[in-house]
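# Reading the structure
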Amino acid sequence: MLEIKNLHATVEDKPILKGLDLTLRPGEVHAIMGPNGAGKSTLSYILSGRDGYEVTEGEVLFEGKDLMELEPEERAGEGIFLAFQYPVEIPGVPNSTFLKEAVNAVRKYKGEPEIDALAFMKGLRETCAKLGIDKEFLKRSVNTGFSGGEKKRNEMLQLSVLQPKLAILDETDSGLDIDALRTVADGVNAMRSPDRAMLIITHYQRLLDYIVPDHVHVLSGGRIAASGGPELAHKLEAEGYADFVAKDAA
Amino acid sequence: MAKSLVSTEPYAAQFEALQAALPEGPLAERRLQALARFRELGFPTTRHESWKYTALRSLAGLTPAAATKSPSLDRAPALLADTPAHRLVFVNGLFRAELSDLGKLPQGAFIAPLTEALDDETLISDEESGAFALLNQALFQDGALIALERGVVLDQPIILTFVSIDEADGRSTHPRLAIRLGENSQATVIEHHMGYGEALGLSNLVSSVDLAAGAKLDHVVLQTEQAQVQHIASRRVTVGRDATYDSFGVTLGAGLSRNEIEVSLEGTGASCALDGTYLLAGTQHGDLTSTIHHRAEHTTSRETVKGALAGKARGVFQGKIVVEPGAQKTDGRMMNKTLLLSDKAEIDSKPELEIFADDVQCAHGATAGELDADALFYLRARGIPEERARALLVEAFLADVIELCPVEALRDELRDRAGRWLAEASQEEAAA
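Residues numbered from 1 in each chain as written. Chains lettered and ligands numbered in written order. Predicted model: local features only at pLDDT ≥ 70, side-chain atom pairs only at ≥ 80, totals over all residues. Heavy atoms only, no water.

### Overview of the overall build of chain B
Keep this limit in mind: Here a strand is any run of E in DSSP of at least two residues, a helix any run of H or I of at least four, and the numbering for each starts at the N terminus. In this description the radius of gyration comes from C-alpha coordinates, and the expected globular size is given by 2.2 Å times residues to the power 0.38. Classification of residues uses two cut-offs on accessible area relative to the type maximum, computed with a 1.4 Å probe and protein chains only: under 20% is buried, over 50% is exposed, and between them is partly exposed. Any pair of residues with heavy atoms lying within 4.5 Å of one another is described as a contacting pair. Reported accessibility uses the Shrake-Rupley method at a 1.4 Å probe radius. Residues are deemed covered only where the shown protein chains occlude them. Positive charges come from Lys and Arg alone, negative charges from Asp and Glu alone, with His and the N- and C-terminal ends not counted. One atom stands in for each charge, and that atom is NZ of Lys, CZ of Arg, CG of Asp or CD of Glu.
In terms of helices and strands, chain B carries six helices and 20 strands. Its C-alpha atoms give chain B a radius of gyration of 21 Å, within 12% of the compact-globule value 22 Å for 432 residues. With the C-alpha coordinates aligned to their principal axes, the bounding extent of chain B is approximately 70 × 55 × 50 Å. Split into buried and exposed, the 432 residues of chain B put 58% on the buried side. Restricting to contacts in chain B with at least 6 residues of sequence separation, those with at least 24 account for 84%. Here chain B displays about 17,500 Å² of accessible surface, and carbon together with sulfur accounts for 47% of that area. Distance between charge centres in chain B, computed from 41 positive and 62 negative side chains, equals 3 Å.

Right, dumping it as C-alpha cells:
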C-alpha cells in the first residue's frame with residue numbers, strides 16, 4: 001500500500017531524512033519509534049504534504065501513485081489520514097461543518113455524490129456515542145478551547161468518519177492521561193481492518209501497550225536503524241535509544 | 001488648500017438641467033447655496049486629513065448626466081424575500097411605486113418617497129458640510145422619509161432597495177434618506193445598494209437619523225454595487241436619552257466606496273453600535289470613516305469592524321471616539337481587524353480617541369494578519385481543497401462580527417455571502 005524508498009528530505013536545507021525505507025501492506029500496523037529529532041514528525045508531514053519539506057532523493061508510492069506529486073487534499077482524497085500531534089484550533093468553524101466539508105470533499109474527489117445531510121448527522125451522532133464524545137462537541141468550533149484529550153478524541157472522530165486506507169498517528173499519546181489514552185486507543189483499535197494500514201509514530205512505548213503493532217521500527221539519524229516485532233518496543237523502553245543514537249553518530 | 005483635479009463644473013451643469021423640474025419654495029434657494037458652496041470647496045483631495053487615504057482620481061473619468069427617466073426593470077431583487085416587510089425600491093435614485101410594496105402601516109407611522117416632500121426644508125441641515133453632502137443637497141430628487149410617532153413599534157422591517165442600472169457612463173444619483181423616530185418608538189431599516197451594468201456611475205447618498213428619548217433603531221446597510229460604481233454615503237445620527245442606535249454595515253461592492261458616519265450621543269444613557277464588515281478584492285477601495293461624539297453622561301458606543309482584503313484591494317478604517325467635557329461614565333470601544341489574503345492588499349487603520357472627561361472607559365485597537373497557515377494545512381489534510389479551505393477560514397474569521405448584525409434573519413444571508421465571496425473574487429480576478 002505504502003512504499004517509501006530511499007527517502008531523503010530536508011527542512012530549510014538541513015537534511016533530516018537520509019535514506020528511509022519502509023513498506024506497509026494493507027491490514028498491517030507499524031510503529032515508528034525514535035528519539036527526539038530523529039525525523040519522526042518530518043516523516044508524517046512529508047507523507048501528508050505539508051509545505052516546507054523538500055524531498056531531495058528517493059520516492060514515496062501510495063497504491064503505486066507518486067505521492068509527492070499530490071496536493072495535501074488529494075492525498076486525503078486517495079485515503080491518507082494524519083492524526084496531528086497538535087490538532088489546530090479553528091475558531092468560527094463548527095466541528096460538524098468541518099466534518100461534513102471533509103467527508104464531501106473526499107467523496108467528490110472519488111467521484112461520489114454528496115452525502116445526505118440528515119443521514120450524515122445521524123451517523124455522526126452514533127460515532128460520537130461509540131467514542132464517548134458528547135454531542136455538544138459537534139457544535140463547538142474545531143478544537144477551540146478543547147482540552148488535550150478532547151483534541152485527540154476529535155482526531156479519532158475524524159478518523160472514524162473519514163475511514164481512510166492509511167492512518168498516520170503522530171504522537172497521538174502526547175498530552176493524554178491514562179483514561180484518555182485508553183479511549184483513544186479503543187478508537188484506533190476499532191478501526192483496524194484487513195484493508196487498512198496504520199503507521200503509529202511515537203516516542204514512548206506506552207501507547208503500544210494499547211495499540212499492539214505488527215511491526216516496530218527504530219528511526220534514528222534519518223533512517224530505519226532497526227526493525228522487529230512488538231518485543232522491540234519493550235526493549236527500547238527498558239534500554240533507551242542510546243544504542244542506536246551512538247551507532248548513528250559513529 | 002489646492003483644489004481637486006476632479007472638476008465640479010459638470011455637476012453644476014447637471015443641476016441646471018435638473019432645476020426646472022424641481023419645486024419652488026424655500027428649499028430651492030438652499031439648493032443654490034449648497035451648489036455654490038460645493039463649487040467653492042471642490043471635491044476633497046488626499047490633502048484633506050479625513051480623505052488622506054482615499055483618492056477620488058477615478059471620479060475624473062465620469063461626466064455626470066442628468067437622470068432623464070428611470071430605466072426599465074421588471075422586478076427588484078428582494079432581501080429576506082419571504083419576510084413580510086415595508087419595501088421601497090429606487091431605480092437610479094428614483095422611487096418606483098410598481099416595484100415597491102409599502103404594506104400596511106400602523107397608526108402614527110409614516111413612510112414615503114421624498115418626491116412628495118421635495119419642498120420640505122427640514123430635510124437638509126446646515127451641519128452637512130462635506131462636499132458630497134452639499135452636492136447631494138443641490139441635486140437630490142428622491143429618497144425616503146421614515147417617521148414614527150411616539151411609542152410606535154414597527155413589527156416588520158423597512159427594506160429600501162437602491163438599484164443602479166449603468167448601461168451608459170455618467171449616472172450621477174443623489175438619494176436622501178431621513179429617519180425620525182419619536183420617543184420610545186422602534187424600527188428596523190435595511191438598505192440594500194446594488195446594481196447591474198458595467199458603465200461608470202456615482203451613487204451619493206446622504207442619510208440623517210434622529211432618535212428621540214428611548215427610541216431604538218436597528219439599521220443594516222448592505223452595499224453590493226457593481227465594480228465600476230463609486231459609492232459615497234454620508235450619515236449623521238443623533239441619539240437621544242436612553243435611545244439605542246444599532247447599526248451594521250456590509251461593504252462588498254463598488255470600485256470605490258466611502259462610508260462616512262457621524263454619531264452624536266446627545267442624551268444620558270444613549271448608546272450606539274457601528275459594527276460591520278468589508279470584503280474587497282481586485283482593485284476595490286473601501287473607506288469607512290466614523291466619528292462618535294459622546295456628549296452626555298453614561299453613554300455607550302461600540303464599533304467592531306472586521307474585513308478581508310484580497311488581490312490589490314485597499315481598505316481604510318478611520319474611527320474616532322470623542323468624549324466631550326462632562327460626558328462622564330462614557331464607555332467607548334472600537335476594534336478593527338483585517339485579514340490580508342494577498343501581499344498586495346493593504347489596510348490603513350487609524351483608530352483615535354479624544355477624551356475631555358476624566359471618568360471614562362475607552363479602548364481601541366487594530367490588527368491585520370494573514371490566514372493561519374497551520375489551520376489551512378489542517379483543513380487541506382482532511383481533503384478540503386485549498387480554495388474552499390481559505391473560504392472557510394474567511395467565513396470563520398467573520399463569524400463573530402456577523403453575530404453582531406442586529407437583524408438576526410440577515411445573518412445567514414451574510415454568512416452565505418462571506419462564504420461565497422472569495423471564490424467569486426478569484427474567479428473575477430482570473431477572468432480579468
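### Examining the overall build of chain A
The helix and strand inventory of chain A stands at nine helices and 12 strands. Relative to the compact-globule value of 18 Å for 250 residues, chain A shows a C-alpha radius of gyration of 18 Å, a close match. Dimensions of chain A, computed from C-alpha atoms along their principal axes, come out at roughly 60 × 40 × 35 Å. Considering chain A as a whole, with its 250 residues, one finds that 53% of them fall into the buried category. Sequence separation of 24 or more characterises 70% of the internal contacts of chain A that already satisfy a separation of 6 or more.

### Notes on the sheet that holds strand S1 (residues 2-11) of chain A
Residue and element names in this part refer to chain A. Stated formally: For two strands to be treated as a pair, DSSP must find no fewer than two bridges joining them. A fitted line through C-alpha atoms represents every axis, and for helices the fit uses only the stretch in contact; the resulting angles, taken between N-to-C directions, go from 0 to 180 degrees.
Within the open sheet, the four strands sit side by side as S2-S1-S4-S5. Their pairing is antiparallel. Single-partner strands in this sheet number two, and they are strand S2 (14-24) and strand S5 (65-66). In this structure, S1 lies alongside strand S4 (residues 53-62), joined through eight bridges in antiparallel fashion. Note that in S4 the partner of Leu2 across the bridge is Phe62. Running at roughly 110 degrees to S1, helix H1 (residues 40-48) makes contact with S1, S2 and S4 of the sheet.

### Some words on the sheet that holds strand S11 (residues 215-220) of chain A
Residues and elements named next belong to chain A. If you trace the six strands from one edge of the open sheet to the other, you get S6-S9-S10-S3-S11-S12, paired in mixed fashion. The open sheet has two free edges, formed respectively by strand S6 (80-83) and strand S12 (223-228), since each of these has just one partner strand. If you compare each strand with its neighbour and ignore which way they point, the axes differ by 20 degrees on average. Running over the sheet, helix H5 (residues 148-162) touches S6 and strand S9 (166-170) and is turned about 170 degrees from S6. Sheet strands in contact with helix H8 (residues 230-239) are strand S3 (29-33), S11 and S12, and its direction is about 45 degrees off that of S11.

### Here's the deal with the pattern of salt bridges
Which entries qualify depends on this criterion: Basic side-chain nitrogens of Lys or Arg form a salt bridge, by our definition, when they fall within 4 Å of a carboxyl oxygen of Asp or Glu.
By the definition in use, this model includes 47 salt bridges over all chains. A salt bridge links Glu63 of chain A to Lys165 of chain A, with the nearest nitrogen and oxygen atoms 2.9 Å apart. Linking Glu63 of chain A in the loop between S4 and S5 with Lys165 of chain A in the loop between H5 and S9, this pair joins segments that are 102 residues apart in sequence. Glu63 of chain A gets classed as partly exposed once you look at its relative accessible area, which sits at 42%. Linked through salt bridges whose partners overlap, the residues forming this network are Glu71 and Glu73 of chain A together with Arg380 and Glu386 of chain B.

### Notes on the packing of helix H4 (residues 373-381) of chain B against helix H5 (residues 386-402) of chain B
Residues and elements named next belong to chain B. Defined as follows: Oblique is the label for every angle not falling under 35 degrees (roughly parallel), over 145 degrees (roughly antiparallel), or within 65 to 115 degrees (roughly perpendicular). We call a crossing left-handed when the near helix sits turned anticlockwise from the far one by less than a right angle, and right-handed when that turn is clockwise. Each residue gets one label: Ala, Val, Leu, Ile, Met, Phe, Trp, Tyr, Cys and Pro are nonpolar, Asp, Glu, Lys and Arg are charged, and the others, such as Gly, are polar.
Interaxial distance between H4 and H5 falls to 9 Å at its minimum, and their mutual angle equals 130 degrees. With respect to H5, the element H4 is oriented oblique. Every pair of crossing elements has a handedness; the one defined by H4 and H5 is right-handed. For the pair H4 and H5, contact is made by Ala375, Leu376, Leu379 and Arg380 and by Glu386, Ala389, Arg390, Leu392 and Leu393, respectively. Taken together, the residues of the contact of H4 with H5 break down into six nonpolar, no polar and three charged.

### Notes on the packing of aromatic side chains
Within a pair of aromatic rings, the relevant descriptors are the distance that separates the centres and the angle that separates the planes. Convention followed: A pair of aromatic rings is counted whenever rings of Phe, Tyr or Trp (Trp by its six-membered ring) have centres within 6.5 Å, and the orientation is called stacked for planes under 30 degrees apart, edge-to-face for over 60 and tilted otherwise.
Summed over all chains, the structure comprises 13 aromatic pairs over all chains. For the pair Phe90 of chain B and Phe162 of chain B, a centre-to-centre distance of 4.8 Å together with 10 degrees between the ring planes defines the contact as stacked. Of this pair, Phe90 of chain B sits in strand S1 (residues 86-91) while Phe162 of chain B sits in strand S5 (residues 158-166); the two residues are 72 residues apart in sequence, bridging distant segments of the chain. Phe162 of chain B carries the same exposure label as Phe90 of chain B, and that label is buried. An aromatic cluster of three or more residues is present, and its members are Tyr45, Tyr53, Phe84 and Phe98 of chain A together with Phe377 and Tyr378 of chain B.

### Overview of the interface of chain B and chain A
What counts here: Here the buried area means the combined drop in accessible surface, using a 1.4 Å probe, for two parts upon being joined, counting both sides. What qualifies as a polar contact is a pair of N or O atoms within 3.5 Å, subject to a donor-acceptor requirement within protein and to the restriction that residues adjacent in sequence count only when both atoms come from side chains.
With 18 residues of chain B at the contact, the number on the chain A side is 29 residues. Roughly 1,900 Å² of surface becomes buried between chain B and chain A when both sides are summed, with 65% attributable to carbon and sulfur atoms. Three residues stand out in chain B for area buried against chain A, namely Phe377, Tyr378 and Arg382 of chain B, and they jointly supply 43% of the buried area on that side. For the salt bridge of Arg50 of chain A with Asp374 of chain B, the shortest nitrogen-to-oxygen distance reads 2.4 Å. At the junction of chain B and chain A, the tally comes to 11 residue pairs in polar contact (both at pLDDT 80 or more). Within the residue set of the side of chain B that touches chain A, elements represented by two or more residues are H4 and H5 of chain B. Counted by class, the side of chain B that touches chain A contains 11 nonpolar, one polar and six charged residues.

### Re the environment of Glu98 of chain B
Residues and elements named next belong to chain B. Mapped onto the fold, Glu98 is located in the loop between strand S2 (94-95) and strand S3 (109-113). Judged by its relative accessible area of 55%, Glu98 falls in the exposed class. In the structure, Glu98 is positioned 24 residues away from Asp74 in sequence and 9.3 Å away in space, judged by C-alpha atoms. Only 2.9 Å separates the side chain of Glu98 from the side chain of Arg96, close enough to count as a polar contact.

### Here we look at the confidence of the model for chain A
When pLDDT is low, close inspection of the predicted coordinates is not appropriate. Defined as follows: Confidence scores here are pLDDT values: one per residue, from the predictor, ranging 0 to 100.
Summarising the model, chain A shows a mean pLDDT of 91, and 98% of its residues fall at 70 or more. Confidence, expressed as mean pLDDT per element, reaches its minimum in chain A at helix H9 (residues 242-249) of chain A with 64 and its maximum at helix H2 (residues 72-78) of chain A with 97.

### Considering helix H3 (residues 95-109) of chain A
Residue and element names in this part refer to chain A. Here is the rule we go by: Given a helix with a known number of residues, its expected span is that number minus one, times 1.5 Å.
End to end, H3 covers 21 Å across 15 residues, agreeing with the expected 21 Å (1.5 Å per residue, within 8%). Those residues of H3 that sit buried are Asn95, Ser96, Phe98, Leu99, Glu101, Ala102, Val103, Asn104, Ala105 and Val106. In the segment just after H3, Gly111 is the residue with positive phi, at about 80 degrees.

### Regarding the packing of helix H4 (residues 117-131) of chain A against H5 of chain A
Residues and elements named next belong to chain A. Viewed as axis vectors pointing N to C, H4 and H5 meet at an angle of 130 degrees, and their least axial separation amounts to 10 Å. Overall, the two elements H4 and H5 adopt an arrangement that is oblique. Relative to H5, the crossing made by H4 is right-handed. Contacts from Phe120, Leu124, Thr127, Cys128 and Leu131 of H4 reach H5 at Arg153, Met156, Leu157, Ser160 and Val161. A per-class count over the contact of H4 with H5 returns seven nonpolar, two polar and one charged.

### With respect to the environment of Ala233 of chain B
Along the polypeptide, Ala233 of chain B turns up in strand S11 (residues 229-239). Counting along the chain gives 25 residues from Ala233 of chain B to Arg258 of chain B, while the straight-line C-alpha distance between them is 6.2 Å.

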